[in-house]
Amino acid sequence: RRRRHTRFLSVTGVQTCALPISGRRMSRRKAKLKYRNADLRQAVEKAGVELLSAGIDEAPMVYKDIDEVMAAQTDLVESIATFMPRIVRMADPGERPED
């Protein structure tokens, strides 16, 4: 039996089912070494989202593509909606992540 699931598209991350396929493409450390604040700002502006604060380790580029993640889970879940945020506030740079 498939569960109904609301997709949550986040400019600074992806929240889906807690399965091995979901989540990050790279570690927080690698993200901080690879990307700069300008990369984060550009990605967020392109998506039409106002960014209040976020660390580079939460940049959208460090997360897997939500469409690919959900396509791999079609036998488990049914997408019933998509949420597109317009304002994002994540932990400030240097603030310890909750995970």
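See the structure printed just above.
Rules and cut-offs
Residues numbered from 1 in each chain as written. Predicted model: local features only at pLDDT ≥ 70, side-chain atom pairs only at ≥ 80, totals over all residues. Heavy atoms only, no water. Helix = DSSP H or I, 4+ residues; strand = E, 2+ residues; numbered from the N terminus. Buried < 20%, exposed > 50% of the residue type's maximum accessible area, 1.4 Å probe, protein only. Contact = heavy atoms within 4.5 Å. Areas by Shrake-Rupley, 256 points an atom, 1.4 Å probe, with all protein chains shown as cover. Polar contact = N/O pair within 3.5 Å; in protein donor to acceptor, adjacent residues only side chain to side chain. Core = buried A, V, L, I, M, F, W, Y, C linked by side-chain atoms within 4.5 Å. Salt bridge = Lys/Arg side-chain N within 4 Å of Asp/Glu carboxyl O.

(A) Region of interest: the overall build of the chain. Scanning the chain from N- to C-terminus turns up three helices and five strands. Helices (α) and strands (β) of the chain occur, in sequence order from the N terminus, as β-β-α-α-β-α-β-β. Evaluated residue by residue, the chain yields a buried proportion of 36% over its 99 residues. Here the analysis covers contacts within the chain between residues at least 6 apart in sequence; of these, 82% occur between residues at least 24 apart. Summing over all exposed atoms, the chain offers an accessible surface of approximately 6,700 Å²; the carbon and sulfur share of this is 49%.

(B) Highlighting the environment of R89. Looking at the element boundaries, R89 is found in strand β5 (residues 87–89). By relative accessible area, R89 is classed as exposed at 51%. Spatially, the C-alpha atom of R89 lies 5.0 Å from that of S53, the residues being 36 residues apart in sequence. Those residues within four positions of R89 in sequence are excluded, and the remaining contacts are L52 and S53. Of note is the side chain of R89, whose polar atom sits 3.0 Å from the side chain of S53.

(C) A look at the nonpolar core. Core analysis: the biggest nonpolar cluster contains 13 residues, and M26, Y35, L40, V44, L51, I56 and V62 have the highest contact counts within it. Beyond its immediate stretch of four places on either side in the chain, Y35 contacts M26, I56, M61 and V62.

(D) Quick peek at the pattern of salt bridges. Under the criterion given, the structure shown has three salt bridges. For R24, the salt bridge is made with E58, and the minimal N-O distance between the two is 3.9 Å. Placement of R24 in the loop between β2 (13–15) and α1 (28–34) and of E58 in the loop between β3 (50–53) and α3 (66–71) is noted, with a sequence separation of 34 residues between them. Among the residues examined, E58 registers a relative accessible area of 10% and is labelled buried. Residues R28 and D57 are paired through a salt bridge, measuring 2.7 Å at the closest nitrogen-oxygen approach. Of this pair, R28 sits in helix α1 while D57 sits in the loop between β3 and α3, and the two are 29 residues apart along the sequence.

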